[in-house]
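If you want the building blocks of each chain, they are given just below.
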Amino acid sequence: MRIKVLALIAALVVLFALGFRGGHPQNGLESVMGSAKSSVVIYKHSDSYEVGEKVVVVVAGQGLQTGIVKAATPESVDVDTKASFVRVKQEDVSGKLMLVIPFFGLLFNVVGL
């Protein structure tokens, strides 16, 4: 059991070093498995974003959200988060959406995160 826990921790450290991050979105895209708020997302930072990519953004006053890039310039990115259409600065884009883990966000909702 101890070796499995150490292997899991080592894998998480390697993924973190490679630029992968996790988050609990407050709003955004939905899937058949549920809303963004009931999910946890894995994303990876990028230097540039293109139209059609799924991204994770920080919206002022609303927290972390998932959405689809509708337009991108070197200064800003227009993102459709389903709830709204927002323009955010490039530095407010957390990264490209890599994986959605449904239902794990419910645990964060119960705890209040």
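Heads up: the structure comes first, above all this text.
Reading the values: the criteria
Residues numbered from 1 in each chain as written. Predicted model: local features only at pLDDT ≥ 70, side-chain atom pairs only at ≥ 80, totals over all residues. Heavy atoms only, no water. Helix = DSSP H or I, 4+ residues; strand = E, 2+ residues; numbered from the N terminus. Expected span 1.5 Å × (residues − 1). Buried < 20%, exposed > 50% of the residue type's maximum accessible area, 1.4 Å probe, protein only. Core = buried A, V, L, I, M, F, W, Y, C linked by side-chain atoms within 4.5 Å. Contact = heavy atoms within 4.5 Å. Pairing = 2+ DSSP bridges. Axes fitted to C-alpha atoms, helices over the stretch in contact; angles between N-to-C directions. Phe/Tyr/Trp six-rings, centres within 6.5 Å; stacked < 30°, edge-to-face > 60°. Lys NZ or Arg CZ within 6 Å of the ring centre and 35° of its normal. Polar contact = N/O pair within 3.5 Å; in protein donor to acceptor, adjacent residues only side chain to side chain. Salt bridge = Lys/Arg side-chain N within 4 Å of Asp/Glu carboxyl O. Patch = residues over 30% accessible without salt bridge, like charges linked within 9 Å, V, L, I, M, F, W, Y side chains within 5 Å. Areas by Shrake-Rupley, 256 points an atom, 1.4 Å probe, with all protein chains shown as cover.

A. Looking closely at helix 1 (residues 2–17). Taking 1.5 Å of rise per residue, 16 residues should cover 22 Å, and helix 1 covers 23 Å from first to last C-alpha, within 8% of that figure. Little of helix 1 is tucked away, with zero of its 16 residues classed as buried. At the exit of helix 1 stands G19, carrying a positive phi of roughly 100°.

B. Structural view of the nonpolar core. Counting residues in each nonpolar core, the largest one holds ten residues, listed as Y49, V55, V57, V59, V69, V77, V79, V86, V88 and V93. Looking at this core, the elements with two or more residues in it are strand 3 (54–59), strand 5 (76–80) and strand 6 (85–89). Here the element with the most residues in this core is strand 3; it accounts for three residues. Apart from residues lying up to four places away in sequence, V79 is in contact with V55, V57, G67, I68, S84, F85 and V86. Of all hydrophobic cores here, the second largest spans five residues; its members include V41, Y43, V56 and L64.

C. How the structure looks around the sheet that holds strand 6. Strand order in the open sheet formed by seven strands is 1-2-7-3-4-5-6, and the pairing between neighbours is antiparallel. Because the sheet does not close on itself, it has two edges, and the strands there are strand 1 (20–23) and strand 6. The sheet shows a mean angle of 50° between the axes of neighbouring strands, direction not considered. As paired strands, strand 4 (residues 63–72) and strand 5 are joined by four bridges and run antiparallel to one another. By the bridge assignment, V69 is partnered in strand 5 with V79.

D. Quick look at the packing of aromatic side chains. Evaluated as defined, the whole model comprises zero aromatic pairs. Cation over ring: R21 sits above F16, and NZ or CZ is 3.7 Å from the ring centre.

E. Quick look at the side chain of S46. Structurally, S46 is set in the loop between strand 2 (39–44) and strand 3. From its side chain, S46 meets the backbone oxygen of S48 in a polar contact 2.9 Å long.

F. Inspection of the pattern of salt bridges at higher detail. Applying the stated criterion to the full structure yields two salt bridges. Among the ionic pairs, K96 bridges to E53, the shortest N-O distance being 3.2 Å. Here E53 lies in the loop between strand 2 and strand 3 and K96 lies in strand 7 (residues 93–102), a separation of 43 residues in the sequence. Of the charged contacts in the structure, one is a salt bridge between D78 and R87, with a shortest N-O distance of 2.6 Å. Using a relative accessible area of 8% as the deciding quantity, one classes D78 as buried.

G. Structural detail: a nonpolar patch on the surface. On the surface, a cluster of nonpolar side chains totalling about 520 Å² of accessible area is made up of M1, V5, L6, I9 and V13. By the secondary structure assignment, V13 is in helix 1. On the basis of relative accessible area, V13 is assigned to the exposed category, the value being 52%.

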